[in-house]
Amino acid sequence: MKIEFQGAAQTVTGSMHILHLDGSRVLLDCGMFQGKRAEANDRNRNFPFDPKSIDAVILSHAHIDHCGNLPHLVSQGFRGPIYCTPATKDLATIMLADSGHIQEIDAEFLNKKNGKHGIPHIEPLYTARDAVQAGEHLKGIPYHTGFDVLPNVTATFNDAGHILGSAGVRLTVKENGLTKLLGFTGDLGRWGMPIIRDPEFMGNVDALISESTYGGKVHDAPQDMGPAIVKDLSTIFGRG
């Protein structure tokens, strides 16, 4: 097994990791890179791999920096399943359609602006129609239910406690007579938050892929969130 990091490594956006498994490839997340327009356009339009070579995608949750480039992946030739939780499937369907609409509006705005200066017409990264086609690949799998990703790979989702439907995934990989356990946390939530359940322990693994954006930060207690929001809103209202 070989792990290749192609997004959200040394940056906090565009989550995208490839597992090379005995001639097959599994993509963990396919997030949109969000940053300065030129860099974001280059990164999002040009995959560092052939989308047709990906056999399956496992999606941790529906935030755009984790799922936002799935329509482009599909439009460029990916034809496999995209595994996620049922709630992530529902949310991603909405999020991706909205993102596709935004891509269209942005391209229309830029073409009007650039046309005045003779700059060539650009196409949106993907359209709302592309997003609908990507949604047809989504396969909702409940938490704690094992499923086959490939003949030699099974997986199970556990609650990551981040947003509705967010999941960590525990993969069991059988290769060359050996069995290895790989964990991918996606984005982990905090304990004791309202509405969202606490993140679950996925169990021991041989290797763990985890984002660490807030790994060195101590958050304020959840009970202090309400007064903090009221204070900020009061400041804003005070400015008119």
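### Some words on the nonpolar core
Then step 1. Core analysis: the largest hydrophobic core is formed by 26 residues, its most contacted members being Leu-27, Phe-49, Val-57, Leu-59, Leu-70, Leu-73 and Leu-96.
Then step 2. Residue assignment for this core shows that the elements contributing at least two residues are β2 (16-21), α2 (64-67), α3 (70-75), β5 (82-84), α4 (86-115) and α5 (128-135).
Then step 3. No other element matches the three residues that α3 contributes to this core.
Then step 4. Beyond its immediate sequence surroundings of up to four residues, Leu-96 is in contact with Ile-64, Cys-67, Gly-68, Leu-70, Pro-71, Tyr-126 and Ala-131.

### Quick notes on the packing of aromatic side chains
Then step 1. Summed over all chains, the structure comprises three aromatic pairs.
Then step 2. Consider the rings of Phe-47 and Phe-49, whose centres lie 5.3 Å apart with planes at 35°: the pair is tilted.
Then step 3. For Phe-47, a relative accessible area of 13% translates into the label buried.
Then step 4. For Phe-49, a relative accessible area of 10% corresponds to the buried category.
Then step 5. Each member of the aromatic cluster is reached from another via a ring pair, and the members are Tyr-83, Phe-147 and Phe-157.
Then step 6. Above the plane of the ring of Phe-33 lies Arg-43, whose end atom (NZ or CZ) is 4.3 Å from the centre.

Analysis parameters
Residues numbered from 1 in each chain as written. Predicted model: local features only at pLDDT ≥ 70, side-chain atom pairs only at ≥ 80, totals over all residues. Heavy atoms only, no water. Core = buried A, V, L, I, M, F, W, Y, C linked by side-chain atoms within 4.5 Å. Buried < 20%, exposed > 50% of the residue type's maximum accessible area, 1.4 Å probe, protein only. Helix = DSSP H or I, 4+ residues; strand = E, 2+ residues; numbered from the N terminus. Contact = heavy atoms within 4.5 Å. Phe/Tyr/Trp six-rings, centres within 6.5 Å; stacked < 30°, edge-to-face > 60°. Lys NZ or Arg CZ within 6 Å of the ring centre and 35° of its normal.

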